[in-house]
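In case you want the letters, here they are:
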Amino acid sequence: MENQFQSIDPQAFVLGCSAIGAGLAVIAGIGPGIGQGYAAGKGAEAVGRQPEARGTIMSTMLLGAAVAETTGIYGLVIAIILLFANPLVGMLS
Amino acid sequence: MDLSVELTTMAEGVTKAVSEASQSGLDIKNHVLVEDLFGTGFRVTYTHMNTWIIMGCLFLFAIIVRIKLNKFKAVPNTGFQNFIEAIVEAMDNFVSSNMGNKYSYFGNWFFGVFAFILISNLIGLLGFRAPTADLATTACLGFSTFFLIHFMGIFKGRKEYFKGYLDPFPFWLPMNIISELATPVSLSFRLFGNILGGSIIMGLFYTLPAYVKVGIPAALHIYFDVFAGFLQTFIFVMLSMSFIADKIPDETKN
Amino acid sequence: MEDFILSLDINMLKDLAFQLLNTVILCAVMSYLLYKPVKNFLAARRDRIEGQINSAEGQLKEANKMKALYEEKLRAIDKEKEMILTEARNRGAQREQEIIAEAKLEAETLKNRAMVDIQREQEKAKDEIKKQIIEVSSIMASRFVAEAIDREKQEKMVDEVISDLGEVKWLS
């Protein structure tokens, strides 16, 4: 067992863990998915109740959805950083 | 280094990138074309080159409009004039409805920003790398919004602006500062993440075998470039306007 | 010449500054060449149309005022016409009556004069006849005198004369 761990290249280990971390980070997309779906459902309800206010409801919904999307985008950005601009590899040397 | 050398290295970089792209499908990487532009320490990447291409197209368009403006009739009789009037009027209404009639001069800034982001997002359709898929571009846009938010806040309503930091209770100050700093970060990361995420997904799809690359990428391009591009442009400009308008006291808006 | 997707280093900040410059230039040029001139053009057109609408409204108001004035005048003219007509009709009728009365009067005078003339003629004729009778009587008398001798003759003569005169009934 000890030999196995010692034979692992530390850089490869960090990169592999980073890939797992990136995969975990994009789980953050669940929240915005639920939130935006809820917002869209409420928006559809509002349009059904008040079809004449369609434009205002639409832009307000988009604004809210965009704000709700932020956390998901943070997760995506962290995944992208881990995959393409990994700061952890630099710490090895 | 003189101009010809710069141009030669730039052309070599483009050739190399194109040959790489032709081997591995869609290229989502940003290439450095010139390491040190005229010894100023600034580098030239795909982002800058595509930005210049977009700027050139928009300048050409603007010059054509400026020349044709003298021939514009009071009653529009050409599709071109209708189009120009429609986009300018739409932008004016957009700004006025979000920021109030008095601040409709922000249209001058947001019109350029809107055109730049929209064409940046759509330029992926032509095979270019979108400048908005680079954090430098989106961060610069987010930074300009940040600057405008606080400039207008201090300039227009100094009392309300500084009181806003101590809003629920004074020791909430660090939280307020963090939320102010998060605004440009979330603005720029939202645009960047959407566009780069879309291009990464398309880049992954383009590495698949050739027989699945018939027709399906068109749908992906329509969703990620056209739909998401348009939506993200709209959201970026609208959120910027809302954030700026939030800091301006209501009584000065009309 | 390395390729990258996301680089978080000093070069990113330089790119950012470069892009900021590009964006500011782009927005300034777009605003100067496209947005502001077109907006001014639209504003000028809106102002012009607004002015035209306002002036048209003013002219419409003016025209309505004029129309009301002329309608008033027309109504007054109608009334006046009616008045003139009735007046003329009245005057005509009056004149008619006058003319008739005058004509009657004249006819009366003419008749009277004619009557008088007739009277006079009658008188004259009477006188003439009287004179003639007298003449005839004197002639008879002279004849009587000339032929007084003959009684028969005389009687015969008297009868003659009387039968001559007997026809004249109008003297009575």
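Residues numbered from 1 in each chain as written. Chains lettered and ligands numbered in written order. Predicted model: local features only at pLDDT ≥ 70, side-chain atom pairs only at ≥ 80, totals over all residues. Heavy atoms only, no water.

Peer 1: Where do I start with the overall build of chain C in this structure?
Peer 2: Helix and strand content of chain C: two helices and one strand. Helices and strands in chain C line up, N terminus first, as β-α-α. Computed over the C-alpha atoms, the radius of gyration of chain C is 64 Å, more than 25% above the 16 Å expected from 2.2 N^0.38 for a compact globule of 172 residues. Structurally, chain C occupies a C-alpha span of about 200 × 25 × 20 Å along its principal axes. Here chain C, with 172 residues, has 16% of them falling under the buried criterion. Of the accessible surface of chain C, which amounts to about 13700 Å², a share of 59% is contributed by carbon and sulfur atoms. Treating the 29 positive side-chain charges of chain C as one cloud and the 33 negative ones as another, the clouds have centres 6 Å apart. (Helix = DSSP H or I, 4+ residues; strand = E, 2+ residues; numbered from the N terminus. Rg over C-alpha atoms; globule rule 2.2 N^0.38 Å. Buried < 20%, exposed > 50% of the residue type's maximum accessible area, 1.4 Å probe, protein only. Areas by Shrake-Rupley, 256 points an atom, 1.4 Å probe, with all protein chains shown as cover. Lys, Arg positive; Asp, Glu negative; His and termini not counted. Charge placed at Lys NZ, Arg CZ, Asp CG, Glu CD.)

Peer 1: What's the story with the overall build of chain A in this structure? I'm lost.
Peer 2: A tally of regular secondary structure across chain A gives five helices and zero strands. Its helices and strands taken in sequence order, chain A reads α-α-α-α-α from the N to the C terminus. Computed over C-alpha atoms, the radius of gyration of chain A comes to 21 Å, more than 25% over the 12 Å expected from 2.2 N^0.38 for 93 residues, which places it beyond the range of a compact globule. Counting only C-alpha atoms, chain A reaches 70 × 25 × 10 Å along its principal axes. Buried residues in chain A amount to 26% of all 93 residues. For chain A, the accessible surface area stands at approximately 6000 Å², while carbon and sulfur atoms represent 69% of it.

Peer 1: Is there a simple way to think about the side chain of Asn86 of chain A in this case?
Peer 2: All names here are of chain A. The residue Asn86 is located in the loop between α4 (54–84) and α5 (87–90) in this model. Side chain to side chain, Asn86 and Ser18 meet in a polar contact 2.7 Å long. A polar side-chain atom of Asn86 sits 2.8 Å from the main-chain amide nitrogen of Leu88. (Polar contact = N/O pair within 3.5 Å; in protein donor to acceptor, adjacent residues only side chain to side chain.)

Peer 1: Would you explain the packing of α4 of chain A against helix α8 (residues 216–247) of chain B in this entry?
Peer 2: Helix packing for two helices is described by the angle between their axes and how far apart those axes are. Across the interface, α4 of chain A lies against α8 of chain B with an axial gap of 10 Å and an inter-helix angle of 95°. The angle between α4 of chain A and α8 of chain B falls in the class roughly perpendicular. Two secondary-structure elements touch here, α4 of chain A through Ser59, Leu62, Leu63, Ala66, Val67 and Glu69 of chain A and α8 of chain B through Leu231, Gln232, Phe234, Ile235, Met238, Leu239 and Ser242 of chain B. Here the residues of the contact of α4 of chain A with α8 of chain B sort into nine nonpolar, three polar and one charged. (Axes fitted to C-alpha atoms, helices over the stretch in contact; angles between N-to-C directions. Parallel < 35°, antiparallel > 145°, perpendicular 65-115°, else oblique. Contact = heavy atoms within 4.5 Å. Nonpolar A, V, L, I, M, F, W, Y, C, P; charged D, E, K, R; others polar.)

Peer 1: It is not clear to me how the nonpolar core should be interpreted in this structure. Could you clarify?
Peer 2: Here is a general trend for soluble globular proteins: nonpolar side chains tend to be buried in one another's company. Ranked by internal contacts, the top residues of the largest apolar core, which has 71 residues, are Met91, Met99, Phe106, Phe110 and Ile244 of chain B. Those elements that provide at least two residues to this core are α4 of chain A, α2 (46–69), α3 (79–99), α4 (107–122), α5 (135–156), α7 (173–206) and α8 of chain B together with α1 (10–146) of chain C. At eleven residues, the largest contribution of residues to this core is made by α1 of chain C. Other than its neighbours up to four places away in sequence, Met91 of chain B contacts Phe110, Phe111, Phe114, Val237 and Met241 of chain B together with Tyr35 of chain C. In this structure, Val34, Val44, Tyr46 and Met49 of chain B belong to the second largest nonpolar core, which totals eight residues. (Core = buried A, V, L, I, M, F, W, Y, C linked by side-chain atoms within 4.5 Å.)

Peer 1: Would you mind going over the interface of chain B and chain C with me for this structure?
Peer 2: Interfaces are often described in size by the accessible area the parts lose on coming together. At the junction of the two partners, chain B supplies 60 residues and chain C supplies 37 residues. When chain B packs against chain C, the two sides together hide about 4500 Å² of surface, and 71% of this comes from carbon and sulfur. For the chain B face of the interface with chain C, the top three residues by lost area are Arg43, Val88 and Asn108 of chain B, together amounting to 14%. Taken together, chain B and chain C are joined by three salt bridges. Where chain B meets chain C, there are six residue pairs in polar contact (both at pLDDT 80 or more). (Buried area = accessible area lost by both parts, 1.4 Å probe. Salt bridge = Lys/Arg side-chain N within 4 Å of Asp/Glu carboxyl O.)

Peer 1: Where do I start with the pattern of salt bridges in this structure?
Peer 2: Note on pairing: side chains with opposite charge can pair once their charged atoms come close. Taken as a whole and assessed by the stated rule, the structure comprises ten salt bridges over all chains. A salt bridge links Glu85 of chain B to Arg45 of chain C; the shortest N-O distance between them is 3.0 Å. Here Arg45 of chain C lies in helix α1 and Glu85 of chain B lies in helix α3, a pairing that spans two chains. The two residues Glu85 of chain B and Arg45 of chain C agree in class, both being buried.

Peer 1: Please explain the layout of surface pockets as it appears in this structure.
Peer 2: Space left empty within the atom packing is revealed by a probe, the size of a water molecule, rolled over the atoms. In this structure, the largest pocket encloses a volume near 920 Å³. If you trace the largest pocket, you find 39 residues lining it, with Gln36, Glu69 and Ile73 of chain A together with Asn194 and Tyr223 of chain B closest to the centre. Within the residue set of the lining of the largest pocket, elements represented by two or more residues are α2 (10–25), α3 (30–49) and α4 of chain A together with α7 and α8 of chain B. It is α4 of chain A that contributes the most residues to the lining of the largest pocket, 14 residues altogether. Residue classes in the lining of the largest pocket are distributed as 27 nonpolar, eleven polar and one charged. (1 Å grid on protein atoms, 1.4 Å probe; cavity = no way out; pocket = protein on both sides within 12 Å on 5 of 7 lines; lining within 4 Å. Points joined across faces, edges and corners; volume = space filled by probe spheres on them.)

Peer 1: Looking at this model, I keep getting lost on the environment of Gly197 of chain B. Mind explaining?
Peer 2: Considering the arrangement of structural elements, one finds Gly197 of chain B in helix α7. Exposure remark for Gly197 of chain B: the relative accessible area of 11% places this residue in the buried category. For Gly197 of chain B and Phe224 of chain B, which are 27 residues apart along the polypeptide, the C-alpha to C-alpha distance reads 8.7 Å. Not counting chain neighbours up to four residues away, the residues in contact with Gly197 of chain B comprise Leu76 of chain A together with Phe192 of chain B.

Peer 1: Is there a simple way to explain the environment of Met91 of chain A in this structure?
Peer 2: Mapped onto the elements, Met91 of chain A comes out in the segment after α5. Through-space distance from the C-alpha of Met91 of chain A to that of Gly33 of chain A is 35 Å; in sequence the pair is 58 residues apart.

Peer 1: How should the pairing of strand β1 (residues 30–34) of chain B be read in this particular structure?
Peer 2: Successive side chains on a regular strand alternate, one facing one side of the sheet and the next facing the other. All names here are of chain B. Most of β1 sits inside the fold, with five of its five residues counted as buried. In this structure, β1 lies alongside strand β2 (residues 44–45), joined through two bridges in antiparallel fashion. Along β2, the bridge assignment pairs Val32 with Thr45. (Pairing = 2+ DSSP bridges.)

Peer 1: Sorry, what's going on with α8 of chain B here?
Peer 2: Since the α-helix advances by 3.6 residues per turn, residues separated by three or four positions end up pointing in the same direction. Taking 1.5 Å of rise per residue, 32 residues should cover 46 Å, and α8 of chain B covers 45 Å from first to last C-alpha, within 8% of that figure. Of all bends in α8 of chain B, the biggest is about 30°, found at Ala228 of chain B. (Expected span 1.5 Å × (residues − 1). Bend = angle between axes of the 7 residues up to and from the residue.)

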